[in-house]
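Residue-level listing of the chains:
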Amino acid sequence: MKRYFLLYILILQIIVCAQTNDSSLVRRDSTVTSADSLTQVQDSTKGKKSQDITAIIYANAVDSLIFKVKTKKMELYGQSELKYKQTGLKSADIKIDFNTNQLYAEGTTDSSDTSAGKIINTPVMTEGSETYEGSRITYNFKNQRGFISLARTKSEGTSYGGEKVKKLDKVTYFVKDGIYSTCTDSIPHYNFYAKEMKVIIKEQIIAKWIWLYFGGVPFPIPLPFAAFPTESGRRSGIIAPAYGQDDTRGWYLSHLGYFWAISDYMDVNLTGDYFFKGGYNLNSRFRYSKRYSLNGTVTAGYSNLHQGETGDPEYTQNKNWNISVAHNQTINPTTRFDANLSFVSGKQYFTDNYYDYNNVLRQNIYSRANFSKTWDESGNSLSLSYQRNQNLETGDINETLPSLAFSMYQFYPFKSKGRTDPADQKWYEQLGFSYSGDFKNERIKKSGNLSVRGGIEHNVGTSVSPKIGYINVSPRISYVEKWYNKQVEKHIVRVPVRDDSTGAVTYKDSLATNDVHKLSSVRTFNFSLSASTRLYGILQPNAFGIEAFRHTITPSISYGYTPDFSEDKWGYYGSYVDSAGRKIKYDKYEREVYGGGGGGESQSISFSVGNVFEIKTMKDPTDTTSEQKKIQLLNLDANLGYNFAADSLRLSNLGLIYRTQVADIFSFNGRSTYSFYDYDGQRQINKFRISEGKGLLKLTEFAFSASATLSAEKFKGKQEKQANEDSLSEEPTVFDKNNDMPGLYQESEPDFEIPWSLSLNYNYGLNKISHSKYSNISLSGDVNLTKTWKLSLSAYYDIFKKELQAPSISIYKDLHCWELSINWQPIGMYRGYRFELRIKASQLQDLKITRRRGQYSGRY
């Protein structure tokens, strides 16, 4: 029968007995005498020894528990267990001497098989997250020193042990005939062996003359010295390099460097690649993060790579650099600052230093920074932003520095405070005003020439939305004013042209465009009136699991008027006379950031009809947890317009847009355009098709895309999905330990919890006017071939060209403490493969075998 004791009661008994006349427990000093009782008390307590036990000791044993009061010893037999503070001990037998604070624990012989001498219930000690196992343990729970025979210890995914383990203090151990491995099997698939080891908990294992064993077979060449990290995650240290051979630059060492974990909130690394025949590449990344406040990354790279030998005709040398800054900060609930900036010397940097398609085929570099502020009470907002677009092919740069925008929330100056229901308000109470202002300064660098343009735009709008019956009527007047400090001036100049063969000089007319520095403004306005309503059609079959079918129709009509601001009375257009004597108008503000006034009067009316088809499912009468669901079957929108002020082709094309979504599995999006006019080749002429006997409409353009995403996860039951969501609900750490060194180990371990997944996309487009079309299909997916094998593939196929583009095949094998990955690009410009076998543990991921060819050569 189990016996449970609170050992501190026995300790109190010892203390009480020590103050009695029992000479067997404590010796009395007969020489201490005094008439002063107070002095006697002081003397009796002055030399009292403080107790070593400072917390409750819990003990239990299946067989028996014996406490010897006189000798201050305790013995536990039969599946014994002790717990003191953060230390726990389980063993067959445990003996404790409270005089020396020493305990001794060992296993017992298996009574069912005494002939084999099998030892069972061997000691297992835990201290916090550390676990120690051995055949015998001797331990001092005061100074926390001890010996463990035939020991094995586990700590955060690593294990080490040996013939004898001596614990020097809380964090330092010495191991004789030590074994270290990150494999958690009782018989590890691989391990390191050394005659002597020093272990510093949560830091490292230091050893000399180390042998590497695979399946019990030693590698024939030992390492003279090594230090293994025992803690995964962020920590400072040297980043071990990988080596290999590149087809053009020879042997190389890649990503050799140092990682510095500055604090829990920031870290930095510096890595480099060295090619013995091709130059070098340096990279650095500084990362910082403060949860719920800010985070960011600063990366920089410089490469000096060459091919061939100096002086050779085919010798090439490329010096390139790259700087990227990403910062996201929530200053307060109404203020944010976000930046994503990239600056690169040219496209060659990505070609030389990356192998993935996204970077190698990159054409542009986009940068943006934005500071935004909103005022909750008024609804007004302010933003200050910077934008930059760099073309890697041409080197042209287009940037906006800065762009300042202010927006005022729509306000109603005539609204009565007592009436909040629009039905009770007068029409003028619904009259609202809005304002937005924008300042922009653009810098355009093209072919080495820099052009700077700036301007300010004010936009004032007024609108009212009265409701007449079931119809919403919305008249609106918009006024726009643009301020510029430049405009253009065009005129014809006579340019001399010399004939090289005869030397004769002739003149031809050329159009010259010059900038004129002049403060000016462009004022434009327009008027619009729209009306809309909503109609419903409902059918309730109450059959086949469908409770109701609903068709929602949203028709709307709008009229808009914009004057012709190219007329001379507005002063926004200039003119020149060409060589044929014709007067040509031009927009003085065609180069400005907000444009000019716009030419041509517009009086247009437009029609649109929106259709939504949806169903509501019935509840399952056999399931009390079932709920009704609304499912959209189809969205179909049609639009058409007519411009009264146009001199021809007044009727616009008929446009149709349709889309549907089946849960999160299948989606379909399409559009088509139809013309009422006839065509002369690719030119639309002012003749209706129906008057020419060719029917009412002509299909001019048609395109659609369909995508399907399937996975075993989508077909799981409700309880399984909820269990997965609960397992992912843990709060993430500030830095993901698997992303401590981005760029080195970008591949994530495949998720075997999802047996298979498939994504299929099809795109089709047809233009009957330009006689162009496209049709392509893309496929990506993965499947668990077994519990440890996963196959992933992706491909893109052009149906009309009959070309398979960028196929990729990946194979992953989980080898328990090892992992195998194979990546293969069979065809294309960047074809190649990579074979890699490496240890899973992040602290030993550089222990690997790698083979590369093609696009993977010389790259990470």
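Residues numbered from 1 in each chain as written. Predicted model: local features only at pLDDT ≥ 70, side-chain atom pairs only at ≥ 80, totals over all residues. Heavy atoms only, no water.

The subject of this paragraph is the overall build of the protein. Counting secondary structure elements, the protein contains five helices and 52 strands. The buried share of the protein, taken over its 860 residues, is 33%. The contacts in the protein between residues at least 6 apart in sequence include a share of 48% that link residues at least 24 apart. With an accessible surface of roughly 51,400 Å², the protein has 55% of that area assigned to carbon and sulfur atoms. (Helix = DSSP H or I, 4+ residues; strand = E, 2+ residues; numbered from the N terminus. Buried < 20%, exposed > 50% of the residue type's maximum accessible area, 1.4 Å probe, protein only. Contact = heavy atoms within 4.5 Å. Areas by Shrake-Rupley, 256 points an atom, 1.4 Å probe, with all protein chains shown as cover.)

On to the pattern of salt bridges, then. Applying the stated criterion across every chain yields a total of 24 salt bridges. With its nearest N and O atoms 3.9 Å apart, the salt bridge here joins E399 to R388. Within this pair, whereas E399 is found in strand 29 (residues 397–411), its partner R388 is found in strand 28 (residues 381–391), the two being separated by eleven residues in sequence. Assigned by exposure class, E399 and R388 land together as buried. Residue K790 pairs with D782 through a salt bridge whose shortest N-O separation is 3.4 Å. On the basis of relative accessibility, which here comes to 23%, the residue D782 falls in the partly exposed class. Ionic contacts of the salt-bridge type, sharing partners, join the residues R453, D515, R591 and E592 into one network. (Salt bridge = Lys/Arg side-chain N within 4 Å of Asp/Glu carboxyl O.)

Let's shift gears to the nonpolar core. Grouped together as the largest cluster of nonpolar side chains are 44 residues, with contacts concentrated most on M74 and Y190. Counting residues per element, this core draws most heavily on strand 15 (residues 190–200), which supplies five residues. Dropping the residues within four chain positions of it, Y190 is found in contact with S181, T182, C183, L212, Y213, F214, C817, W818, I839 and L844. Within the second largest apolar cluster, eight residues are counted, among which are V522, F565, Y572 and V593. (Core = buried A, V, L, I, M, F, W, Y, C linked by side-chain atoms within 4.5 Å.)

This part is about empty space enclosed by the protein. Scanning all chains against the criterion turns up two cavities of 30 Å³ or more. Taken together, M125, Y132, I137, T138, Y139, G146, F147, I148, K167 and Y173 make up the lining of the second largest cavity. Elements with a minimum of two residues in the lining of the second largest cavity: strand 11 (136–140) and strand 12 (145–155). Taken together, the residues of the lining of the second largest cavity break down into seven nonpolar, two polar and one charged. (1 Å grid on protein atoms, 1.4 Å probe; cavity = no way out; pocket = protein on both sides within 12 Å on 5 of 7 lines; lining within 4 Å. Points joined across faces, edges and corners; volume = space filled by probe spheres on them. Nonpolar A, V, L, I, M, F, W, Y, C, P; charged D, E, K, R; others polar.)

Evaluated as defined, the whole model comprises zero disulfides. Of all cysteine sulfurs in the structure, the one in C817 sits closest to C183, which takes part in no disulfide; the separation is 3.5 Å. (Disulfide = S-S within 2.5 Å.)

Turning to the packing of aromatic side chains, a few remarks are in order. Tallying each qualifying case throughout the model produces 27 aromatic pairs. On the basis of an interplanar angle of 35° and a centroid distance of 6.1 Å, the ring pair of Y576 and Y586 is categorised as tilted. Linking Y576 in strand 37 (residues 573–577) with Y586 in strand 38 (residues 583–587), this pair joins segments that are ten residues apart in sequence. Judged by its relative accessible area of 8%, Y586 is buried. The ring of Y412 is capped by K415, whose NZ or CZ atom sits 5.6 Å from the centre of that ring. (Phe/Tyr/Trp six-rings, centres within 6.5 Å; stacked < 30°, edge-to-face > 60°. Lys NZ or Arg CZ within 6 Å of the ring centre and 35° of its normal.)

Of note, E75 is situated in strand 4 (residues 73–84). One polar contact links E75 to Y77, side chain to side chain, over a distance of 2.7 Å. With residues near it in sequence (within four places) discarded, E75 still touches S64, L65, I66, K68, I94 and K95. (Polar contact = N/O pair within 3.5 Å; in protein donor to acceptor, adjacent residues only side chain to side chain.)

Below, the discussion takes up a nonpolar patch on the surface. A grouping of Y243, W251, L253, Y274, F276, Y280, L282, Y302, W321 and I323 is seen on the molecular surface, where their side chains present a nonpolar patch of about 1,000 Å² in accessible area. For the nonpolar patch, the secondary structure elements donating two or more residues are strand 21 (250–263), strand 23 (279–290) and strand 25 (316–332). Here W251 is to be found in strand 21. (Patch = residues over 30% accessible without salt bridge, like charges linked within 9 Å, V, L, I, M, F, W, Y side chains within 5 Å.)

Omega for the bond connecting L401 with P402 falls within 30 degrees of zero, at -10°, which places this linkage in the cis form. Looking at the element boundaries, P402 is found in strand 29. Within the chain, N121 stands out as a residue other than glycine whose phi angle is a positive 50°. You can see N121 is positioned in the loop between strand 8 (119–120) and strand 9 (124–127).

Strand direction decides the pairing type here: strand 39 (residues 602–617) and strand 40 (residues 630–643), joined by 13 bridges, are antiparallel. Counterpart to E614 in the pairing with strand 40 is Q632. Alignment of strand 40 against strand 41 (residues 654–662), held across five bridges, turns out to be antiparallel. If you follow L636 over to strand 41, its bridge partner there is Y658. (Pairing = 2+ DSSP bridges.)

Let us now look at the environment of V199. Here V199 lies in strand 15. Assessed through its relative accessible area of 1%, V199 is described here as buried. Separated by 29 residues in the primary sequence, V199 and F228 place their C-alpha atoms 9.4 Å from one another.

With that settled, consider the pairing of strand 33 (residues 471–498). If a strand is regular, its side chains alternate between the two faces of the sheet. Pairing between strand 31 (residues 449–463) and strand 33: nine bridges, direction antiparallel. Within strand 33, the position partnered with V460 by the bridge is Y479. Pairing of strand 32 (residues 467–468) with strand 33, which is carried by two bridges, proceeds in the antiparallel orientation. Of the residues in strand 33, the one forming a bridge with K467 is N472. Connecting strand 32 to the antiparallel partner strand 33 that follows it, the hairpin turn spans two residues, and G469 within it adopts a positive phi of roughly 65°. Bridge analysis of strand 33 against strand 34 (residues 505–532) gives 26 bridges, and the strand direction is antiparallel. Looking across to strand 34, one finds that W483 is bridged to S521. The antiparallel hairpin formed by strand 33 and strand 34 contains six residues in its connecting segment, where G503 sits at a positive phi of about 80°.

As for its placement among the helices and strands, L305 is situated in strand 24 (residues 294–307). Here L305 falls in the buried class, since its relative accessible area comes to 2%. Considering only alpha carbons, one finds L305 and R249, 56 residues apart in sequence, at a separation of 8.7 Å. When neighbours within four sequence positions are excluded, L305 is seen to be in contact with R249, F275, G278, G279, Y280, T316, Q317, N318, D352 and N353.

Bringing the environment of E429 into the picture now. Mapped onto the secondary structure, E429 falls in the loop between strand 29 and strand 30 (432–446). As a C-alpha pair, E429 and P466 span 37 residues in sequence and 9.6 Å in three-dimensional space.

With that out of the way, let us pick up the side chain of N283. Residue position: N283 is located in strand 23. A distance of 3.4 Å separates a polar atom in the side chain of N283 from a polar atom in the side chain of Y349.

Residues at a pLDDT of 70 or more form 85% of the protein, whose mean pLDDT is 81. Across the protein, the secondary-structure element scoring lowest on mean pLDDT is helix 2 (residues 37–46), at 36, and the one scoring highest is strand 42 (residues 666–675), at 94. Note that pLDDT drops below 50 for residues 725–734; the model gives that stretch seven contacts with residues more than four away or on any other chain. For the stretch residues 736–746, pLDDT sits under 50, and the model shows 21 contacts to residues farther than four places along the chain or on other chains. (pLDDT = per-residue confidence, 0-100.)

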